[in-house]
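Summary of structural features
Each chain, written out:
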Amino acid sequence: MVITPRRAARRLFAAALIALAVAAGCGDLRRFAYAGFGGRDSWQHPDRVVESLEIQPGDQVADLGSGGGYFTFRLADAVGGTGRVYAVDVDPEMNEHLRAEVAEKDYANVDVILAEYADPRLPETGVDLIFSANTYHHLQDRSKYFANARRYLQPGGRVAVIDFSPDSWLNRLFGHATDADVIRSEMIAAGYRLERELDFLPRQHFMVFAVE
Ligand SMILES: C[S@@+](CC[C@H](N)C(=O)[O-])C[C@H]1O[C@@H](n2cnc3c(N)ncnc32)[C@H](O)[C@@H]1O
């Protein structure tokens with residue numbers, strides 16, 4: 001993709017806003033920043049992402065680092081009324097907003113969970129898929145995190161990781177990105193094998209892992 005000065009300025013503004021929002025503890029600003037700036041769908045391709053996960057009606061899915069719920073409702077539509085989505089985040093303020101939106105939109109198949117930094121606190125009955133968008137780079141000690149998360153996966157369960165690529169100087173500058181090799185090697189160390197790697201997202205890696 002050609003980075004024009006205008007595009008670079010917009011990205012710089014976006015990254016600065018996220019950094020500011022996190023530093024200032026401002027929930028509204030964070031939700032605005034995570035949701036993107038109007039055009040996120042054009043590069044995030046959310047419907048294609050969800051479609052490619054091959055989620056079945058009745059599935060149990062965790063949206064790890066659900067933030068403002070950009071993917072939560074799409075995942076909830078995919079699992080349908082007999083399935084369940086656990087929207088998991090460590091940020092109580094974001095969770096409050098999301099809980100209100102879930103109620104307002106009348107989604108009975110979404111539970112919002114306050115996670116611990118080292119543990120998603122999912123139900124012990126387990127899930128079919130742990131989905132994580134733009135959150136991987138936030139996690140600490142990721143091999144340990146996902147090794148622990150295996151106990152929340154039902155047999156045949158998968159982990160899908162979407163995270164920004166550090167190809168752009170801006171992502172490198174703000175640290176909101178992870179190298180593809182790093183994701184692969186950390187997940188393998190955590191006891192997973194790479195099942196699929198999808199390449200239709202222009203700014204992000206998209207990998208699906210299964211328990212080894
Ligand atoms: C950049 S936002 C992404 C939000 C959403 N997935 C999206 O794509 O719009 C990252 C989210 O991960 C959350 N987060 C950070 N560390 C976490 C952890 N250890 N467990 C769960 N969520 C975490 C943050 O609070 C934030 O809401």
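Predicted model only: the values in this text are computed from it and were never measured. (Residues numbered from 1 in each chain as written. Predicted model: local features only at pLDDT ≥ 70, side-chain atom pairs only at ≥ 80, totals over all residues. Heavy atoms only, no water.)

**Considerations on the overall build of the protein**
The number of helices and strands found in the protein is 9 helices and 7 strands. Taking all 212 residues of the protein together, 50% fall into the buried category. (Helix = DSSP H or I, 4+ residues; strand = E, 2+ residues; numbered from the N terminus. Buried < 20%, exposed > 50% of the residue type's maximum accessible area, 1.4 Å probe, protein only.)

**Observations concerning helix α6 (residues 92–105)**
End to end, α6 covers 20 Å across 14 residues, agreeing with the expected 20 Å (1.5 Å per residue, within 8%). For α6, every residue scored as buried is listed here: Met 94, Asn 95, Leu 98 and Val 102. The arc enclosing the buried residues of α6, seen along the axis, measures out at 95 degrees, which places them on a common side. Set apart from the buried face of α6 by more than 90 degrees, the exposed residues are Ala 103 and Glu 104. A distance of 3.0 Å separates the backbone nitrogen of Glu 93 from a side-chain oxygen at the start of α6, and that oxygen is part of Asp 91. (Expected span 1.5 Å × (residues − 1). Arc of directions from axis to C-beta. Polar contact = N/O pair within 3.5 Å; in protein donor to acceptor, adjacent residues only side chain to side chain.)

**Concerning the nonpolar core**
Membership of the largest hydrophobic core comes to 27 residues, with the highest contact counts inside it found for Val 49, Leu 53, Leu 75, Phe 131 and Phe 206. If we ignore the near neighbours within four places in the chain, the residues touching Val 49 are Gln 44, Phe 71, Phe 131, Ile 162, Phe 200, Leu 201 and Phe 206. Within the second largest apolar cluster, 25 residues are counted, among which are Leu 139, Tyr 152, Ala 190 and Met 207. (Core = buried A, V, L, I, M, F, W, Y, C linked by side-chain atoms within 4.5 Å. Contact = heavy atoms within 4.5 Å.)

**Quick look at the side chain of Thr 72**
Mapped onto the elements of the fold, Thr 72 is located in helix α5 (residues 72–79). We classify Thr 72 as buried; its relative accessible area is 0%. At a separation of 2.7 Å, a polar atom in the side chain of Thr 72 contacts the side chain of Asp 63. Those residues in contact with Thr 72 that lie beyond four places of it in its chain are Asp 63, Ser 66, Val 85, Ala 87, Leu 98 and Val 110.

**Examining the pairing of strand β5 (residues 153–164)**
Burial within β5 is extensive, with 9 of its 12 residues counted as buried. In this region the chain leaves strand β4 (residues 127–133), passes through helix α7 (residues 142–149) and returns to the parallel neighbour β5; the handedness of that crossover is right-handed. Taken together, the 7 bridges between β5 and strand β7 (residues 204–211) define a ladder with antiparallel strand orientation. If you follow Asp 163 over to β7, its bridge partner there is His 205. (Right-handed = clockwise from strand over helix to strand, strands pointing away. Pairing = 2+ DSSP bridges.)

**Looking at the site of the ligand**
In the region of the ligand, 16 residues are neighbours, and Arg 40, Gly 65, Asp 89, Tyr 117 and Ala 133 sit closest. Here a nitrogen atom of the ligand and a backbone polar atom of Tyr 117 are 3.0 Å apart. Bound to the protein, the ligand loses 94% of the 600 Å² it would expose on its own. Taken together, the residues of the shell around the ligand break down into 7 nonpolar, 6 polar and 3 charged. (Near = heavy atom within 4 Å. Areas by Shrake-Rupley, 256 points an atom, 1.4 Å probe, with all protein chains shown as cover. Nonpolar A, V, L, I, M, F, W, Y, C, P; charged D, E, K, R; others polar.)

In short, geometric facts, not functional conclusions.
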